[in-house]
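Structural description and commentary
Given next are the chains, with one letter for each unit.
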Amino acid sequence: MTTHDLLTQLGVHTSGDHIARSPIDGAEIGRVAYDDAKSVEKKIAASVEAFKTWRDVPAPKRGELVRLFGEELRANKDALGRLVTLEAGKILQEGLGEVQEMIDICDFAVGLSRQLYGLTIASERPGHRMMETWHPAGPVAVISAFNFPVAVWAWNAALALVCGDSVIWKPCEKTPLTALATQALFERAMTKFGAAPKNLSQVVLGLRDVGELLAKDARIPVVSATGSTRMGRELAPVVAARFGRSILELGGNNAMIVTPSAKLDLATRAILFAAVGTAGQRCTTLRRLFVHESIYDKLVPALKKAYAGLPIGSPLEKVTLVGPLIDKASFEGMQRALASAKDEGGAISGGGRALEDKFPDGFYIHPAIVEMPGQTKTVCHETFAPILYVMKYTDFDDVLARHNAVPQGLSSCIFTTDMQQAERFIAASGSDCGIANVNIGPSGAEIGGAFGGEKETGGGRESGSDSWKAYMRRQTATINYSDALPLAQGIEFAV
Ligand code: UN1
(Lines give C-alpha, C1' and ligand atoms only; values in the text may rest on other atoms or scores of the structure.)
Protein backbone atom coordinates (compact mmCIF):
# COMPACT_ATOMS: atom_id res chain seq x y z
CA MET A 1 0.00 0.00 0.00
CA THR A 2 1.37 3.43 -0.91
CA THR A 3 1.45 6.25 1.61
CA HIS A 4 -1.18 7.99 -0.47
CA ASP A 5 -3.55 5.00 -0.18
CA LEU A 6 -2.88 4.82 3.52
CA LEU A 7 -3.68 8.50 4.01
CA THR A 8 -6.83 8.15 1.94
CA GLN A 9 -7.95 5.18 4.03
CA LEU A 10 -7.40 7.26 7.16
CA GLY A 11 -9.33 10.15 5.65
CA VAL A 12 -6.45 12.57 5.12
CA HIS A 13 -6.17 14.66 1.96
CA THR A 14 -2.99 16.61 2.13
CA SER A 15 -2.03 19.75 0.31
CA GLY A 16 0.07 22.79 1.07
CA ASP A 17 3.54 24.25 0.83
CA HIS A 18 5.30 22.20 3.44
CA ILE A 19 6.71 18.83 2.54
CA ALA A 20 6.39 15.98 5.00
CA ARG A 21 9.24 13.48 4.64
CA SER A 22 9.79 9.97 5.90
CA PRO A 23 12.94 9.38 7.95
CA ILE A 24 13.09 5.93 6.34
CA ASP A 25 14.54 7.27 3.10
CA GLY A 26 13.92 11.01 3.11
CA ALA A 27 11.16 10.68 0.50
CA GLU A 28 8.22 13.02 0.37
CA ILE A 29 5.10 11.43 1.88
CA GLY A 30 2.71 14.36 1.80
CA ARG A 31 2.26 18.11 1.87
CA VAL A 32 0.63 20.24 4.51
CA ALA A 33 -0.32 23.86 5.03
CA TYR A 34 0.84 25.73 8.12
CA ASP A 35 -1.35 27.90 10.29
CA ASP A 36 -0.63 31.58 10.73
CA ALA A 37 -1.49 33.99 13.53
CA LYS A 38 -4.89 34.66 12.01
CA SER A 39 -5.94 31.05 11.67
CA VAL A 40 -4.60 30.22 15.15
CA GLU A 41 -6.68 33.06 16.58
CA LYS A 42 -9.74 31.68 14.81
CA LYS A 43 -9.11 28.20 16.15
CA ILE A 44 -8.62 29.41 19.72
CA ALA A 45 -11.88 31.37 19.53
CA ALA A 46 -13.64 28.29 18.12
CA SER A 47 -12.17 26.17 20.91
CA VAL A 48 -13.59 28.55 23.53
CA GLU A 49 -17.01 28.23 21.89
CA ALA A 50 -16.81 24.44 21.76
CA PHE A 51 -15.82 24.39 25.43
CA LYS A 52 -18.87 26.40 26.46
CA THR A 53 -21.14 23.66 25.11
CA TRP A 54 -19.01 20.65 26.02
CA ARG A 55 -18.58 21.57 29.69
CA ASP A 56 -22.32 21.13 30.24
CA VAL A 57 -22.54 17.71 28.60
CA PRO A 58 -22.66 15.09 31.41
CA ALA A 59 -19.27 13.48 31.88
CA PRO A 60 -20.42 9.87 31.19
CA LYS A 61 -21.87 11.12 27.91
CA ARG A 62 -18.54 12.77 27.11
CA GLY A 63 -17.02 9.37 27.81
CA GLU A 64 -19.23 7.92 25.08
CA LEU A 65 -17.46 10.08 22.48
CA VAL A 66 -14.08 8.86 23.70
CA ARG A 67 -15.39 5.28 23.55
CA LEU A 68 -16.37 5.79 19.90
CA PHE A 69 -12.96 7.28 19.18
CA GLY A 70 -11.35 4.20 20.76
CA GLU A 71 -13.40 2.06 18.36
CA GLU A 72 -12.14 4.05 15.37
CA LEU A 73 -8.61 3.48 16.62
CA ARG A 74 -9.22 -0.24 16.99
CA ALA A 75 -10.60 -0.45 13.46
CA ASN A 76 -7.67 1.54 12.04
CA LYS A 77 -4.85 0.34 14.26
CA ASP A 78 -2.87 -1.19 11.41
CA ALA A 79 -3.15 1.82 9.13
CA LEU A 80 -2.35 4.42 11.79
CA GLY A 81 0.47 2.28 13.22
CA ARG A 82 1.95 2.02 9.75
CA LEU A 83 1.70 5.75 9.22
CA VAL A 84 3.53 6.29 12.53
CA THR A 85 6.28 4.03 11.19
CA LEU A 86 6.44 5.94 7.91
CA GLU A 87 6.48 9.35 9.50
CA ALA A 88 8.42 8.83 12.74
CA GLY A 89 10.58 5.88 11.63
CA LYS A 90 9.86 3.59 14.58
CA ILE A 91 9.54 -0.11 13.79
CA LEU A 92 6.08 -1.41 12.91
CA GLN A 93 5.69 -3.25 16.24
CA GLU A 94 6.30 0.03 18.04
CA GLY A 95 4.04 1.98 15.69
CA LEU A 96 1.26 -0.48 16.50
CA GLY A 97 2.17 -0.32 20.20
CA GLU A 98 1.78 3.41 20.09
CA VAL A 99 -1.77 3.11 18.71
CA GLN A 100 -2.48 0.47 21.35
CA GLU A 101 -1.48 3.03 23.97
CA MET A 102 -4.09 5.38 22.48
CA ILE A 103 -6.75 2.66 22.66
CA ASP A 104 -5.80 1.88 26.25
CA ILE A 105 -6.02 5.49 27.39
CA CYS A 106 -9.42 5.80 25.69
CA ASP A 107 -10.65 2.82 27.70
CA PHE A 108 -9.19 4.35 30.85
CA ALA A 109 -10.85 7.69 30.11
CA VAL A 110 -14.24 6.09 29.44
CA GLY A 111 -14.17 4.49 32.92
CA LEU A 112 -12.93 7.75 34.36
CA SER A 113 -15.89 9.62 32.89
CA ARG A 114 -17.99 8.06 35.64
CA GLN A 115 -15.40 8.62 38.35
CA LEU A 116 -14.51 12.31 38.41
CA TYR A 117 -14.92 12.19 42.16
CA GLY A 118 -14.73 15.10 44.54
CA LEU A 119 -14.72 15.01 48.33
CA THR A 120 -17.33 15.83 50.91
CA ILE A 121 -15.61 17.64 53.77
CA ALA A 122 -16.72 17.97 57.40
CA SER A 123 -17.49 21.62 58.06
CA GLU A 124 -16.46 23.27 61.35
CA ARG A 125 -19.76 25.16 61.36
CA PRO A 126 -23.11 23.67 62.42
CA GLY A 127 -25.71 23.31 59.65
CA HIS A 128 -23.07 23.57 56.96
CA ARG A 129 -21.83 21.18 54.34
CA MET A 130 -18.59 21.49 52.37
CA MET A 131 -17.79 19.80 49.15
CA GLU A 132 -15.22 19.82 46.46
CA THR A 133 -16.24 19.62 42.81
CA TRP A 134 -14.01 19.18 39.79
CA HIS A 135 -15.17 21.34 36.90
CA PRO A 136 -13.90 21.45 33.32
CA ALA A 137 -10.94 23.82 33.00
CA GLY A 138 -11.26 25.22 29.48
CA PRO A 139 -9.48 24.73 26.16
CA VAL A 140 -6.37 22.58 26.62
CA ALA A 141 -3.36 22.99 24.32
CA VAL A 142 -1.31 19.89 23.61
CA ILE A 143 2.16 20.38 22.16
CA SER A 144 3.66 17.02 21.23
CA ALA A 145 7.01 15.68 20.06
CA PHE A 146 7.96 13.61 17.01
CA ASN A 147 8.88 10.44 18.88
CA PHE A 148 5.38 9.62 20.12
CA PRO A 149 3.52 11.54 17.45
CA VAL A 150 0.04 10.32 18.40
CA ALA A 151 0.04 8.53 21.79
CA VAL A 152 1.11 11.52 23.86
CA TRP A 153 -1.69 13.60 22.38
CA ALA A 154 -4.13 10.81 23.24
CA TRP A 155 -2.96 10.64 26.88
CA ASN A 156 -3.84 14.31 27.17
CA ALA A 157 -6.83 14.54 24.87
CA ALA A 158 -8.74 11.46 26.08
CA LEU A 159 -8.58 12.78 29.64
CA ALA A 160 -9.23 16.40 28.71
CA LEU A 161 -12.31 15.41 26.68
CA VAL A 162 -13.96 13.41 29.45
CA CYS A 163 -13.05 16.22 31.82
CA GLY A 164 -15.17 18.55 29.67
CA ASP A 165 -12.39 20.47 27.97
CA SER A 166 -11.87 21.29 24.31
CA VAL A 167 -8.47 20.51 22.79
CA ILE A 168 -6.05 22.27 20.44
CA TRP A 169 -3.14 20.16 19.27
CA LYS A 170 0.14 21.42 17.90
CA PRO A 171 2.08 18.37 16.77
CA CYS A 172 5.79 18.45 16.01
CA GLU A 173 6.47 19.88 12.53
CA LYS A 174 8.25 16.60 11.71
CA THR A 175 5.06 14.56 12.14
CA PRO A 176 2.05 16.47 10.78
CA LEU A 177 0.47 13.60 8.85
CA THR A 178 -0.09 11.30 11.81
CA ALA A 179 -1.73 14.24 13.58
CA LEU A 180 -4.06 14.90 10.63
CA ALA A 181 -4.89 11.18 10.44
CA THR A 182 -5.70 11.07 14.15
CA GLN A 183 -7.85 14.16 13.76
CA ALA A 184 -9.70 12.54 10.83
CA LEU A 185 -10.44 9.46 12.96
CA PHE A 186 -11.63 11.70 15.76
CA GLU A 187 -13.96 13.51 13.34
CA ARG A 188 -15.46 10.14 12.37
CA ALA A 189 -16.16 9.44 16.05
CA MET A 190 -17.69 12.94 16.34
CA THR A 191 -20.03 12.18 13.44
CA LYS A 192 -21.14 8.90 15.00
CA PHE A 193 -21.63 10.60 18.35
CA GLY A 194 -23.68 13.35 16.76
CA ALA A 195 -24.04 15.67 19.73
CA ALA A 196 -20.58 17.15 20.18
CA PRO A 197 -19.90 20.82 19.40
CA LYS A 198 -17.84 21.35 16.28
CA ASN A 199 -14.18 22.26 16.75
CA LEU A 200 -14.08 20.28 19.99
CA SER A 201 -10.65 19.04 18.96
CA GLN A 202 -8.51 20.90 16.43
CA VAL A 203 -5.02 20.68 15.00
CA VAL A 204 -2.73 23.65 14.38
CA LEU A 205 0.32 23.06 12.24
CA GLY A 206 3.49 25.08 12.12
CA LEU A 207 6.72 25.84 13.85
CA ARG A 208 7.59 27.25 17.22
CA ASP A 209 5.76 30.55 16.67
CA VAL A 210 2.46 28.67 16.49
CA GLY A 211 3.20 26.93 19.81
CA GLU A 212 4.06 30.31 21.31
CA LEU A 213 0.68 31.73 20.34
CA LEU A 214 -0.98 28.93 22.31
CA ALA A 215 1.38 29.34 25.27
CA LYS A 216 0.68 33.06 25.49
CA ASP A 217 -3.09 32.94 25.21
CA ALA A 218 -4.96 33.45 28.49
CA ARG A 219 -8.04 31.72 27.06
CA ILE A 220 -6.12 28.44 27.31
CA PRO A 221 -5.83 27.55 31.02
CA VAL A 222 -3.81 24.35 30.51
CA VAL A 223 -0.83 23.80 28.21
CA SER A 224 0.58 20.30 28.12
CA ALA A 225 3.95 20.15 26.39
CA THR A 226 6.24 17.24 25.62
CA GLY A 227 9.75 17.82 24.29
CA SER A 228 13.22 18.89 25.27
CA THR A 229 14.15 20.59 28.53
CA ARG A 230 15.24 23.58 26.45
CA MET A 231 11.75 23.86 24.96
CA GLY A 232 10.14 23.56 28.42
CA ARG A 233 12.44 26.19 29.86
CA GLU A 234 11.26 28.65 27.21
CA LEU A 235 7.60 27.71 27.26
CA ALA A 236 6.92 27.44 31.01
CA PRO A 237 7.61 31.11 31.88
CA VAL A 238 5.35 32.25 29.04
CA VAL A 239 2.47 30.15 30.40
CA ALA A 240 3.28 31.14 34.00
CA ALA A 241 3.40 34.86 33.16
CA ARG A 242 -0.36 34.73 32.51
CA PHE A 243 -0.91 32.29 35.42
CA GLY A 244 -1.72 29.39 33.12
CA ARG A 245 -0.98 25.85 34.17
CA SER A 246 1.60 23.82 32.29
CA ILE A 247 2.02 20.07 32.29
CA LEU A 248 5.61 19.44 31.24
CA GLU A 249 7.13 16.18 30.02
CA LEU A 250 10.70 17.09 29.20
CA GLY A 251 14.06 15.38 29.00
CA GLY A 252 15.03 12.18 30.72
CA ASN A 253 18.40 10.63 31.50
CA ASN A 254 17.21 7.27 32.65
CA ALA A 255 19.44 4.77 34.38
CA MET A 256 19.59 1.12 35.33
CA ILE A 257 21.56 -0.30 38.23
CA VAL A 258 22.56 -3.94 37.76
CA THR A 259 23.46 -5.48 41.10
CA PRO A 260 25.45 -8.68 41.74
CA SER A 261 22.26 -10.69 42.41
CA ALA A 262 20.53 -9.62 39.18
CA LYS A 263 19.26 -12.15 36.66
CA LEU A 264 21.65 -11.18 33.91
CA ASP A 265 19.67 -12.66 31.04
CA LEU A 266 16.64 -10.58 32.05
CA ALA A 267 18.79 -7.49 32.52
CA THR A 268 20.41 -7.93 29.09
CA ARG A 269 17.06 -8.20 27.33
CA ALA A 270 15.71 -5.21 29.22
CA ILE A 271 18.78 -3.16 28.36
CA LEU A 272 18.45 -3.95 24.67
CA PHE A 273 14.80 -2.91 24.40
CA ALA A 274 15.27 0.17 26.56
CA ALA A 275 18.52 1.42 25.03
CA VAL A 276 18.06 0.70 21.32
CA GLY A 277 14.25 0.50 20.96
CA THR A 278 12.79 3.45 19.03
CA ALA A 279 16.45 4.03 18.01
CA GLY A 280 17.07 5.57 21.44
CA GLN A 281 14.44 8.25 20.85
CA ARG A 282 12.09 7.74 23.78
CA CYS A 283 12.15 10.13 26.67
CA THR A 284 12.29 6.95 28.76
CA THR A 285 15.21 5.42 26.80
CA LEU A 286 17.93 3.85 28.92
CA ARG A 287 20.96 6.15 28.74
CA ARG A 288 23.05 5.31 31.82
CA LEU A 289 23.95 1.81 32.95
CA PHE A 290 25.61 1.21 36.33
CA VAL A 291 27.06 -2.28 36.61
CA HIS A 292 28.52 -3.77 39.78
CA GLU A 293 32.23 -4.46 39.36
CA SER A 294 31.78 -8.17 40.15
CA ILE A 295 29.60 -8.76 37.07
CA TYR A 296 30.92 -6.07 34.76
CA ASP A 297 33.18 -8.40 32.75
CA LYS A 298 30.31 -10.78 32.21
CA LEU A 299 27.53 -8.34 31.34
CA VAL A 300 29.30 -5.75 29.23
CA PRO A 301 30.90 -8.16 26.70
CA ALA A 302 27.54 -9.96 26.38
CA LEU A 303 25.89 -6.64 25.65
CA LYS A 304 28.47 -5.70 23.06
CA LYS A 305 27.92 -9.04 21.37
CA ALA A 306 24.17 -8.52 21.31
CA TYR A 307 24.64 -5.00 19.91
CA ALA A 308 26.83 -6.34 17.11
CA GLY A 309 23.98 -8.56 15.92
CA LEU A 310 21.20 -5.97 16.03
CA PRO A 311 19.15 -5.90 12.83
CA ILE A 312 19.30 -2.31 11.58
CA GLY A 313 17.15 -1.34 8.62
CA SER A 314 13.88 -0.09 7.29
CA PRO A 315 11.34 -0.06 10.13
CA LEU A 316 8.78 -1.50 7.72
CA GLU A 317 10.70 -4.77 7.54
CA LYS A 318 9.63 -7.33 10.09
CA VAL A 319 13.13 -8.34 11.21
CA THR A 320 14.31 -4.81 11.91
CA LEU A 321 14.80 -3.77 15.53
CA VAL A 322 16.64 -0.49 14.93
CA GLY A 323 15.14 2.00 12.49
CA PRO A 324 16.47 5.41 11.46
CA LEU A 325 16.99 8.52 13.53
CA ILE A 326 14.45 11.22 12.80
CA ASP A 327 16.79 13.41 10.75
CA LYS A 328 20.28 14.59 9.94
CA ALA A 329 20.41 17.05 12.85
CA SER A 330 19.74 14.18 15.20
CA PHE A 331 22.55 12.13 13.64
CA GLU A 332 24.93 15.07 13.99
CA GLY A 333 23.92 15.55 17.62
CA MET A 334 24.73 11.90 18.27
CA GLN A 335 28.16 12.24 16.64
CA ARG A 336 28.91 15.36 18.70
CA ALA A 337 27.98 13.59 21.93
CA LEU A 338 30.19 10.62 21.03
CA ALA A 339 33.12 12.93 20.25
CA SER A 340 32.84 14.70 23.60
CA ALA A 341 32.40 11.42 25.47
CA LYS A 342 35.61 10.26 23.82
CA ASP A 343 37.40 13.44 24.93
CA GLU A 344 36.25 12.71 28.46
CA GLY A 345 37.86 9.27 28.37
CA GLY A 346 35.02 7.15 26.99
CA ALA A 347 35.68 3.91 25.09
CA ILE A 348 33.18 3.70 22.25
CA SER A 349 31.84 0.69 20.42
CA GLY A 350 29.40 1.29 17.57
CA GLY A 351 27.90 4.71 16.96
CA GLY A 352 28.68 5.12 13.26
CA ARG A 353 26.33 5.59 10.37
CA ALA A 354 24.76 2.49 8.81
CA LEU A 355 23.19 1.72 5.42
CA GLU A 356 24.35 4.99 3.90
CA ASP A 357 24.55 3.44 0.41
CA LYS A 358 21.03 2.08 0.53
CA PHE A 359 19.49 5.14 2.22
CA PRO A 360 21.60 8.21 1.43
CA ASP A 361 18.84 10.41 2.85
CA GLY A 362 17.97 8.19 5.82
CA PHE A 363 20.04 8.44 9.00
CA TYR A 364 20.60 4.92 10.25
CA ILE A 365 23.15 4.29 12.97
CA HIS A 366 24.85 1.50 14.87
CA PRO A 367 23.69 1.99 18.47
CA ALA A 368 26.63 2.88 20.68
CA ILE A 369 27.94 1.53 23.96
CA VAL A 370 30.33 3.94 25.64
CA GLU A 371 32.28 2.77 28.68
CA MET A 372 32.85 5.85 30.78
CA PRO A 373 35.36 6.47 33.59
CA GLY A 374 32.68 8.46 35.45
CA GLN A 375 29.52 10.50 35.15
CA THR A 376 30.95 13.31 33.03
CA LYS A 377 29.26 16.39 31.61
CA THR A 378 28.30 14.53 28.42
CA VAL A 379 26.71 11.71 30.42
CA CYS A 380 24.64 14.24 32.37
CA HIS A 381 23.21 15.64 29.13
CA GLU A 382 20.32 13.95 27.29
CA THR A 383 21.24 13.16 23.68
CA PHE A 384 18.19 11.85 21.83
CA ALA A 385 19.91 8.91 20.14
CA PRO A 386 20.96 5.35 21.06
CA ILE A 387 24.04 6.01 23.18
CA LEU A 388 24.36 3.89 26.30
CA TYR A 389 26.92 5.16 28.81
CA VAL A 390 28.18 2.29 30.95
CA MET A 391 29.80 2.83 34.34
CA LYS A 392 31.15 0.52 37.02
CA TYR A 393 30.17 0.72 40.68
CA THR A 394 31.35 -0.84 43.92
CA ASP A 395 29.18 0.48 46.71
CA PHE A 396 25.35 0.55 46.74
CA ASP A 397 25.00 3.89 48.60
CA ASP A 398 27.46 5.45 46.23
CA VAL A 399 25.66 4.20 43.11
CA LEU A 400 22.33 5.46 44.42
CA ALA A 401 23.86 8.90 44.85
CA ARG A 402 25.38 8.81 41.36
CA HIS A 403 22.08 7.58 39.96
CA ASN A 404 20.39 10.74 41.22
CA ALA A 405 23.24 13.10 40.36
CA VAL A 406 21.89 14.23 36.99
CA PRO A 407 19.58 17.17 36.26
CA GLN A 408 16.76 15.01 34.87
CA GLY A 409 14.36 12.78 36.84
CA LEU A 410 12.03 10.82 34.57
CA SER A 411 12.53 7.05 34.75
CA SER A 412 14.82 4.62 36.53
CA CYS A 413 15.26 0.96 37.34
CA ILE A 414 17.21 -1.62 39.28
CA PHE A 415 17.88 -5.25 38.43
CA THR A 416 18.31 -7.23 41.62
CA THR A 417 16.90 -10.18 43.51
CA ASP A 418 18.04 -8.64 46.80
CA MET A 419 14.86 -7.49 48.48
CA GLN A 420 16.57 -4.84 50.58
CA GLN A 421 18.22 -3.22 47.60
CA ALA A 422 14.98 -3.31 45.59
CA GLU A 423 13.06 -1.66 48.43
CA ARG A 424 15.79 0.89 49.05
CA PHE A 425 15.71 1.85 45.37
CA ILE A 426 12.01 2.74 45.50
CA ALA A 427 12.10 4.26 49.02
CA ALA A 428 12.07 8.00 49.80
CA SER A 429 15.87 8.08 49.84
CA GLY A 430 16.16 5.94 46.70
CA SER A 431 15.54 6.91 43.07
CA ASP A 432 14.45 10.54 42.72
CA CYS A 433 12.56 9.87 39.47
CA GLY A 434 8.85 9.92 38.66
CA ILE A 435 9.11 6.29 37.56
CA ALA A 436 11.11 3.62 39.42
CA ASN A 437 11.04 -0.01 38.29
CA VAL A 438 12.38 -3.25 39.72
CA ASN A 439 13.50 -5.89 37.21
CA ILE A 440 11.89 -3.95 34.35
CA GLY A 441 13.64 -1.47 32.05
CA PRO A 442 12.88 2.26 32.31
CA SER A 443 10.80 2.54 29.12
CA GLY A 444 7.46 1.18 27.98
CA ALA A 445 5.41 2.47 30.90
CA GLU A 446 1.78 1.34 31.14
CA ILE A 447 -0.89 4.02 30.81
CA GLY A 448 -2.51 3.16 34.17
CA GLY A 449 0.20 4.91 36.17
CA ALA A 450 0.86 8.64 36.26
CA PHE A 451 3.59 9.32 33.71
CA GLY A 452 6.21 12.04 34.18
CA GLY A 453 9.19 13.04 36.24
CA GLU A 454 10.95 15.52 38.46
CA LYS A 455 13.69 18.15 38.18
CA GLU A 456 14.44 19.12 34.56
CA THR A 457 11.86 16.59 33.39
CA GLY A 458 9.37 19.27 34.34
CA GLY A 459 7.20 17.78 37.10
CA GLY A 460 4.12 17.09 34.95
CA ARG A 461 2.04 13.93 35.17
CA GLU A 462 -0.09 12.54 32.38
CA SER A 463 -2.08 9.41 31.68
CA GLY A 464 -3.25 7.25 34.58
CA SER A 465 -3.80 7.52 38.35
CA ASP A 466 -5.27 10.94 39.21
CA SER A 467 -3.49 12.86 36.43
CA TRP A 468 -6.96 13.89 35.21
CA LYS A 469 -7.11 16.51 37.96
CA ALA A 470 -4.67 18.67 36.01
CA TYR A 471 -7.30 19.13 33.29
CA MET A 472 -9.97 20.40 35.67
CA ARG A 473 -10.46 23.23 38.09
CA ARG A 474 -11.21 22.45 41.70
CA GLN A 475 -14.07 24.25 43.36
CA THR A 476 -14.72 24.22 47.10
CA ALA A 477 -18.37 24.90 47.84
CA THR A 478 -19.78 25.48 51.33
CA ILE A 479 -23.54 25.35 51.83
CA ASN A 480 -25.33 26.78 54.84
CA TYR A 481 -28.64 25.03 55.51
CA SER A 482 -29.17 26.55 58.97
CA ASP A 483 -30.92 29.73 60.09
CA ALA A 484 -27.75 31.15 61.60
CA LEU A 485 -24.66 32.68 60.07
CA PRO A 486 -21.69 31.34 62.05
CA LEU A 487 -18.34 32.52 60.76
CA ALA A 488 -15.35 30.32 60.26
CA GLN A 489 -12.31 30.72 62.53
CA GLY A 490 -14.76 31.48 65.39
CA ILE A 491 -14.92 35.15 64.42
CA GLU A 492 -17.63 37.25 66.10
CA PHE A 493 -18.76 40.12 63.88
CA ALA A 494 -21.85 41.58 65.55
CA VAL A 495 -23.74 44.16 63.53
C1 UN1 B 1 7.99 9.61 25.39
O2 UN1 B 1 9.03 9.13 24.97
O3 UN1 B 1 7.74 10.84 25.21
O4 UN1 B 1 7.21 4.68 28.69
C5 UN1 B 1 6.91 8.85 26.05
C6 UN1 B 1 7.29 4.77 27.47
C7 UN1 B 1 6.09 5.20 26.70
C8 UN1 B 1 6.00 6.66 26.60
C9 UN1 B 1 7.22 7.40 26.24
N10 UN1 B 1 4.90 4.68 27.33
O11 UN1 B 1 8.31 4.52 26.88
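**Description of the overall build of the protein**
A tally of regular secondary structure across the protein gives 15 helices and 23 strands. Taken over C-alpha atoms, the radius of gyration comes to 24 Å for the protein, in line with the 23 Å a tight globule of 495 residues would show. Each of the three principal axes of the protein carries a C-alpha extent, and together these read 80 × 55 × 35 Å. Expressed as a percentage of the 495 residues in the protein, the buried residues total 52%.

**Notes on the nonpolar core**
Grouped together as the largest cluster of nonpolar side chains are 137 residues, with contacts concentrated most on Cys106, Ala109, Ala158, Leu388 and Tyr471. The leading source of residues in this core is helix H6 (residues 151–162), at 11 residues. Residues in contact with Leu388, not counting those within four places in the same chain, are Ala275, Leu286, Arg287, Leu289, Ala368, Ile369 and Val370. Formed by six residues, the second largest nonpolar core is a distinct cluster that contains Cys433, Ile435, Ala445 and Phe451.

**Re the sheet that holds strand E3 (residues 120–121)**
The strand order E3-E4-E23 describes an open sheet built from three strands, whose pairing is antiparallel. Unpaired on one side and paired on the other, E3 and strand E23 (472–480) mark the two borders of the sheet. Bridging between E3 and strand E4 (residues 128–136) involves two bridges; their strand directions are antiparallel. By the bridge assignment for E4, Ile121 is matched with Met130.

**Concerning the packing of helix H1 (residues 3–10) against helix H4 (residues 77–88)**
Running from amino to carboxyl end, H1 crosses H4 at an angle of 135°, the nearest separation of the two axes being 10 Å. As far as their axial angle goes, H4 and H1 are oblique. The crossing of H1 and H4 is left-handed. Note on element contacts: H4 touches H1 through Ala79, Leu80, Arg82, Leu83 and Leu86, opposite Thr3, Leu6, Gln9 and Leu10.

**Description of the sheet that holds strand E7 (residues 201–203)**
Here we have five strands laid out as an open sheet, ordered E7-E6-E5-E8-E9, and parallel in their pairing. Looking along the sheet, the strands with just one partner apiece sit at the ends: E7 and strand E9 (245–249). Strand-to-strand, the axes of this sheet are offset by a mean angle of 15°, without reference to chain direction. Together, strand E5 (140–143), strand E6 (167–170) and strand E8 (222–226) form the strand contacts of helix H8 (residues 208–216), whose direction differs from that of E6 by roughly 150°. Along the sheet, helix H9 (residues 229–241) contacts E8 and E9; its crossing angle with E9, the most-contacted strand, is approximately 170°.

**As for the packing of helix H3 (residues 59–75) against helix H7 (residues 176–193)**
For any two helices packed against each other, one specifies the inter-axial angle together with the distance between the axes. Between H3 and H7, whose axes approach to 8 Å, the crossing angle comes to 130°. The angle between H3 and H7 places the two elements in the oblique class. The element H3 and its partner H7 pack so that their crossing is right-handed. Between H3, through Glu64, Leu65, Leu68, Phe69, Glu72 and Leu73, and H7, the contact on the second element is made entirely by Leu185, Phe186, Arg188, Ala189, Lys192 and Phe193. Split into classes, the residues belonging to the contact of H3 with H7 amount to eight nonpolar, no polar and four charged.

Parameters at a glance
Residues numbered from 1 in each chain as written. Predicted model: local features only at pLDDT ≥ 70, side-chain atom pairs only at ≥ 80, totals over all residues. Helix = DSSP H or I, 4+ residues; strand = E, 2+ residues; numbered from the N terminus. Rg over C-alpha atoms; globule rule 2.2 N^0.38 Å. Buried ≥ 20, exposed ≤ 12 C-beta atoms within 10 Å, placed from the backbone. Core = buried A, V, L, I, M, F, W, Y, C linked by C-beta atoms within 7 Å. Contact = placed C-beta atoms within 7 Å. Pairing = 2+ DSSP bridges. Axes fitted to C-alpha atoms, helices over the stretch in contact; angles between N-to-C directions. Parallel < 35°, antiparallel > 145°, perpendicular 65-115°, else oblique. Left-handed = near helix turned anticlockwise from the far one by under 90°. Nonpolar A, V, L, I, M, F, W, Y, C, P; charged D, E, K, R; others polar.

By themselves, these are just geometric observations and shouldn't be taken as functional.
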